[in-house]
Amino acid sequence: MLKVVVLRPLWLLCLSLICQPALASERVEQLLASMTLEQKVAQMTQAEIKHVSPEQVRRYGIGSILNGGGSFPNSNKQSAIADWVALADSYYAASVDRSQGSAGIPIIWGTDAVHGHNNVIGATIFPHNIGLGAANNPQLVADIATATAREVAATGIDWIFAPTVAIAKDDRWGRTYESYSDRTEIVSSYAGPVVQAMQNEGIAATAKHFIGDGGTFRGIDQGDARLSLEQLLVEHGEGYLKAISADVMTVMASFNSWQGEKLHGSYDLLTTVLKEGLGFEGFVVSDWNGIGQVAGCTNESCAQAVNAGIDMFMVPEDWQAFIANTVEQVNSGEIALSRIDDAVRRILLIKEKLGLLDAAAPSQRSQWVGSGVIGSEPNRALARQAVRESLVLLKNQAGLVPFSPRQRVLVAGLADDIGVASGGWTISWQGTGNSNADFPNGSSIYAGIAEAVTAAGGAVELNVDGDYTTKPDLAVVVFGEQPYAEGQGDVDNLQFDTASKQGLAVMRKLKADGIPVVGVFLSGRPMWLNAEINTADALVAAWLPGSEGGGVADLLVRDINDRVRYEFTGRLSFDWPNSDINASNSDLPVDDFLFPYGYGLAAGQASSARLNQLSEQASVAAAATDLVIFERGSKAPWRPYLGDASDWRKLYPGGIVASQYGELTVAPVDLQVQEDGRRLRWSGNGQRISQFYWQADSAADLSALAAEQAALVIEYKVNQPANSRVGLRMDCGYPCSGEVDITAALQTQSDQWRSVAVPLSCFAERGVALAAVNTPALLSSSGALDITLRRVAVTTSYTAPASCP
C-alpha cells in the first residue's frame, strides 16, 4: 500500500489512514443490478460527436459524448445556438430509448469550456487562466464560472472540463496559459469557488489534469514528472484537495507520466491516492485517447487503465471497439466485474446528483435555454472587468500610461485581431483560423482604443506595420504569440518570436521617428523580452484577454477629462524571465528573473531606468538552428494554406477543409497524440493543380542553414500513390521560387514512414533567394495522391539521402 513518510501538509494524512468514501444510493444500486455487462461498459464510454450519431447512441447506450476543440453540430463552425440544443435533444432522446436494448440512461455531454463557452460562435470569451491568476480575485473567477456555466447550459450541455488546477513550473510548457499561477496559493484559492459556482448552476465541473501535468521534465507536454510522491502532492495537489472539498463531480486523468509511468495506468495515483486517500467520490474520466499511451495498450483496449481506476473512457473514435474489448476482458477475468460496477456506480451517482436521471430533454431542462444569456451584455461586462484586472504594467517610463486621449494615436501590430487575443482553445482547438467575424459580440483592442480616443476628440490611425500618414503623438504596438494549444505550444526556450521580431522592428522604427511607444504583449506565458522592454517606453503584459479587448483600452487611455479611469491592479502570478533559458542546466526552468512574482506597476507609476538597459544577449544562439515548419502542428510564424486556381491562398484553420474546387482535402490525424499529423488527399484528374503550403508574413533567412548543408526534409507516409506529377516548391515571394519533382518518392504505397530530403542548394540553383524565404514548403499536384505528413523542417540532421531531383 502506498504511503507518505513525511506528512506535510495535514491533508496528506489521509494517505496513511485510507479515507474511504461512502458511495450509496438505493436507486443507483437497483439500476446497477438491472444492467447487463454490455450496458455497464457502454455507460463507461464517451465518444466524440463527429464519430457517433444519435442512432448509434440509441443502439449502444453509451454513457457520454463530448465535443472536442473545433467540433460543432453538423461539422459547421457557424452552428447557431439552436443547432447545439437540437443536437443535445437528439442525443438525449436516443439515450433514453430502450427499443434497441440499451439501459435507457440519459447521456451526459462534456465540453472544454475553459475560458467561456469557447467552442460556440457568439459566446463570451473570457481571459485565459494565466490572466485570471494575475487578477488574484477568487470572487471574479467564481462569477466567470457562473457565467460560463449558464452559457453552457443554454446549449443543452451538462458538463464542463474545467477548472484546470495545474501548477506550471516550466514556462516552456505549451499549456502554461491554462494555469493560474506557478505557485499553489492562487490555484488553491480558485479551485473551490470555481467548482461550486459551476455546480450550483447544475453543471458538472472537472478538476484536471490529475496530476503533475505542469511539473514535467523540461515542461514537455505529456512528459514525465520526475518528483517524489510528497513533492508531487505538495507542489501539484492543493488544487485537487480544494476541488474535492467543494464536492467536484469529476476528475480528469493527465496525459503525463509520473516516474516513467503514465497516469492513465497508475493504480497508485488514481485509486490509492485520489479515491482512497483523498476521498474523491465522483468519477475519473480519461483524456482524449489517453489510454492508448499506457504501455501495452491501444486507443481501443486498455484493461490496465480500467483496473487503475479510470471510470469514464474518452475514446472519441474507437468507442465501439473499446466496448467490445472491455467486455471480453471482463469475461476473461482480466478485469474484475466489481471494478466495472464501481465505475458505473460512480457515473450513475453523478448523473443522479445532477438530476439527469429524472431530467427532461435539454431544451426543456434549463432556464438558460433560449434566454439570450450567450454573449449577453452582463457577461461581456464581466469579461471586460476580468481583462482590466488581469493586465500587468511591466514598464512605464515617465508615467506614460495611462495616456491622454486628446492626441493623435497610431495603433499597430495585432491590435485588431480578436482571434490572436483569445489564444488557443477558441472556437478551433488550436485557436487558429479565426477572424473578427467569428466574434460577433466581441471587440478588439483597437476598437476599444479608437472608441476611447475619438470620444475625447482625439484621432486614431490603424496600421499593422506601423506606417502612418500624419506623424502621431504616440503609438500603441500590440504584438505577441500566435494561438496554440496542447501538443503544439511547447518551446525549447523562452525567446519571443526569434524568426521575425515583427513587434520589435515596428517599435524600433517608431522610436527612430521620435514617437513614444506603448507595447502591449499578448502571450500564453512570460517570455524573454529584454529587447522589447528596452525599446518600448511602456509595456503591458495583457496575456490572452479574449473577446473584450475594450478592457485593455480601459487601462491604457484616460477619460475625456484626462483622469485615470481604472487602476492597474494586476500583479504577476508567475516570475518573469531575465534569460531565455537556464544557463547552468537547460533541462531546468529559467531561474534568472527580471520581474518577481507579485510585481506590477500602478497607473502613472514610473518604472526603473534600468529597464532601458537590459542585456539583449540570448543564451541560445539563433543562427543556423533547424527551422521546424510542422511537427505536431504548424510552428510560428508559419501558417498552413491550401489552394487552387479558384483561390490560391485559403488559410487552413484545422478540421477537414477542401480547396475551392474540392480536389484537395486536408484533415488532422492522430499519430502519437491528438491531431499531430496532417492527411493530404488530392483527387484531381490531371486538369487543375491544387496545392498545400506554409507561409509567413515576413521572410526568413536560410543562408546560414544552407552554409551548414541543410535540406528541406519531409517525413511522410503514402496511403495512395501519386498518379501524376508532384512538385515540391520553395518561394521567396512568388514568382521568386524554385521547384523540384518528387513524384518518384510518392509512387509506392506503404505503411512505413519515409523521408524525402532536398538540399537548400538545390532550391537556390532553381532561383530561390535563400535570404528571403516566405514559403519554405509547397506541395502541388493535379492528379490523385493520399499522404500523411508527420514532420516538415529545414534541418542539418537527417538520415534520408539528400538529392536534387
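Below, the structure is looked at part by part. (Residues numbered from 1 in each chain as written. Predicted model: local features only at pLDDT ≥ 70, side-chain atom pairs only at ≥ 80, totals over all residues. Heavy atoms only, no water.)

1. Looking at the overall build of the chain
Working step 1: A tally of helices and strands in the chain yields 23 helices and 32 strands.
Working step 2: Overall size of the chain, expressed as C-alpha extent along the three principal axes, is 80 × 70 × 55 Å.
Working step 3: For the chain, the proportion of its 805 residues judged to be buried stands at 62%.
Working step 4: Expressed as a percentage of contacts within the chain between residues at least 6 apart in sequence, the contacts between residues at least 24 apart total 78%.
Working step 5: Put simply, the chain shows about 27,600 Å² of open surface, and 47% of that area lies on carbon and sulfur atoms.
Working step 6: Of the charged side chains in the chain, 59 are positive and 87 negative, and the gap between their average positions amounts to 2 Å. (Helix = DSSP H or I, 4+ residues; strand = E, 2+ residues; numbered from the N terminus. Buried < 20%, exposed > 50% of the residue type's maximum accessible area, 1.4 Å probe, protein only. Contact = heavy atoms within 4.5 Å. Areas by Shrake-Rupley, 256 points an atom, 1.4 Å probe, with all protein chains shown as cover. Lys, Arg positive; Asp, Glu negative; His and termini not counted. Charge placed at Lys NZ, Arg CZ, Asp CG, Glu CD.)

2. Some details on the packing of helix H2 (residues 26-34) against helix H14 (residues 337-353)
Working step 1: Between H2 and H14, the shortest axis-to-axis distance is 10 Å and the interhelical angle comes to 130°. Taken as axis vectors, H2 and H14 run oblique relative to one another. The interaxial crossing formed by H2 with H14 has right-handed handedness. In this structure, H2 uses Arg27, Val28, Glu29, Leu31 and Leu32 to contact H14, whose residues at the interface are Asp341, Val344, Arg345, Leu348, Leu349 and Glu352. (Axes fitted to C-alpha atoms, helices over the stretch in contact; angles between N-to-C directions. Parallel < 35°, antiparallel > 145°, perpendicular 65-115°, else oblique. Left-handed = near helix turned anticlockwise from the far one by under 90°.)

3. A few points about the sheet that holds strand S6 (residues 224-225)
Working step 1: Overall, mixed pairing links the three strands, which are arranged S6-S8-S9 in an open sheet. The sheet is open, and its two edges are formed by S6 and strand S9 (261-262), each paired on a single side.
Working step 2: The sheet contact formed by S6 and strand S8 (residues 257-258) spans two bridges and is parallel. Among the inter-strand pairings, Ala225 is bridged to a residue of S8, identified as Trp258. (Pairing = 2+ DSSP bridges.)

4. So, the pattern of salt bridges
Working step 1: Under the definition given, this model contains 39 salt bridges.
Working step 2: Between Arg150 and Glu201 there is a salt bridge, with its nearest N and O atoms 3.2 Å apart. In this pair, Arg150 is assigned in helix H7 (residues 138-153) and Glu201 in the loop between helix H8 (184-200) and strand S5 (206-210), connecting sequence segments 51 residues apart.
Working step 3: Overall, Arg150 belongs to the partly exposed group, its relative accessible area being 28%.
Working step 4: Exposure remark for Glu201: the relative accessible area of 21% places this residue in the partly exposed category.
Working step 5: Its salt-bridge partner being Arg406, residue Asp562 comes within 3.0 Å of it at the nearest N-O pair. Of this pair, Asp562 sits in the loop between helix H21 (550-556) and strand S18 (576-577) while Arg406 sits in the loop between strand S12 (392-396) and strand S13 (408-413), and the two are 156 residues apart along the sequence.
Working step 6: Connected through shared salt-bridge partners, Lys275, Asp311, Arg339, Asp342 and Arg346 make up one network. (Salt bridge = Lys/Arg side-chain N within 4 Å of Asp/Glu carboxyl O.)

5. What about the layout of surface pockets?
Working step 1: Of the voids in this model, the second largest pocket is the one considered here, and its volume is about 480 Å³.
Working step 2: Along the wall of the second largest pocket there are 21 residues; nearest its centre are His51, Glu317, Pro668, Val669 and Asp670.
Working step 3: Counting only elements with at least two residues in the lining of the second largest pocket, the list comes to strand S24 (664-669) and strand S25 (677-683).
Working step 4: Among the elements that take part in the lining of the second largest pocket, S24 stands out by supplying three residues, more than any other.
Working step 5: Residue classes in the lining of the second largest pocket are distributed as seven nonpolar, seven polar and seven charged. (1 Å grid on protein atoms, 1.4 Å probe; cavity = no way out; pocket = protein on both sides within 12 Å on 5 of 7 lines; lining within 4 Å. Points joined across faces, edges and corners; volume = space filled by probe spheres on them. Nonpolar A, V, L, I, M, F, W, Y, C, P; charged D, E, K, R; others polar.)

6. Points about the packing of H7 against H8
Working step 1: Running from amino to carboxyl end, H7 crosses H8 at an angle of 30°, the nearest separation of the two axes being 8 Å. Classified by the angle their axes make, H7 and H8 are roughly parallel. In this structure, H7 crosses over H8, and the sense of that crossing is right-handed. Where H7 abuts H8, its residues Pro138, Val141, Ala142, Ala145, Thr146 and Ala149 lie against Ser189, Tyr190, Pro193, Val194, Ala197 and Met198.
Working step 2: Residue composition of the contact of H7 with H8, by class: 10 nonpolar, two polar and no charged.

7. Quick notes on the pairing of strand S31 (residues 775-781)
Working step 1: Most of S31 sits inside the fold, with seven of its seven residues counted as buried.
Working step 2: Pairing of strand S28 (residues 726-731) with S31 involves five bridges; the strand directions are antiparallel. In the sheet register, Arg729 faces S31, and the bridge partner there is Leu778.

8. Brief notes about the nonpolar core
Within soluble globular proteins, side chains that are nonpolar generally end up buried alongside one another.
Working step 1: One finds Ile62, Tyr91, Trp109, Phe210, Val248 and Leu269 to be the most contacted residues of the largest nonpolar core, which totals 130 residues.
Working step 2: Look past the residues within four positions of Tyr91 in its chain and what remains in contact with it is Ile49, Val52, Ser53, Pro54, Val57, Ile65, Ile107 and Trp109. (Core = buried A, V, L, I, M, F, W, Y, C linked by side-chain atoms within 4.5 Å.)

9. A short note on the sheet that holds strand S7 (residues 250-253)
Working step 1: Ordered by their spatial adjacency, three strands build an open sheet running S5-S7-S10, and the pairing between neighbours is parallel. Looking along the sheet, the strands with just one partner apiece sit at the ends: S5 and strand S10 (283-285). Adjacent strand axes in the sheet meet at a mean angle of 30° when their direction is disregarded.
Working step 2: Pairing of S5 with S7 involves four bridges; the strand directions are parallel. Residue pairing for S7: Lys208 is matched across the bridge by Met252.

10. Re the environment of Val165
Working step 1: If you trace the backbone, Val165 turns up in the loop between strand S4 (159-160) and H8.
Working step 2: The sequence separation of Val165 and His209 amounts to 44 residues, and the corresponding C-alpha distance is 7.3 Å.

11. Observations regarding the packing of aromatic side chains
Working step 1: Taken as a whole, this structure holds 19 aromatic pairs when the rule is applied.
Working step 2: Through a chain of ring-to-ring contacts, three or more aromatic side chains come together here, namely Phe479, Phe496, Phe521, Trp543 and Trp576.
Working step 3: Between the NZ or CZ atom of Arg226 and the centre of the ring of Phe217, over which it lies, the distance is 4.0 Å. (Phe/Tyr/Trp six-rings, centres within 6.5 Å; stacked < 30°, edge-to-face > 60°. Lys NZ or Arg CZ within 6 Å of the ring centre and 35° of its normal.)

12. Brief notes about unusual backbone geometry
Residues other than glycine predominantly adopt negative phi, and peptide bonds predominantly adopt the trans conformation.
Working step 1: The omega torsion across Phe210 and Ile211 is -5°, close enough to zero to call that bond cis.
Working step 2: Tracing the backbone through its elements, the reader meets Ile211 in the loop between S5 and S6.
Working step 3: The amide bond that connects Tyr734 to the next residue, Pro735, takes the cis arrangement and shows omega of 15°.
Working step 4: Structurally, Pro735 is set in the loop between S28 and strand S29 (737-741).
Working step 5: In this structure, Asn289 takes a positive phi of about 55° despite not being glycine.
Working step 6: Here Asn289 lies in the loop between S10 and helix H12 (303-308).
Working step 7: Of the residues examined, Asn289 reaches a relative accessible area of 10% and is grouped as buried.
Working step 8: The backbone phi angle of Gln709 is positive, close to 65°, even though this residue is not glycine.

Geometric descriptors of this kind do not, in isolation, establish any biological role.
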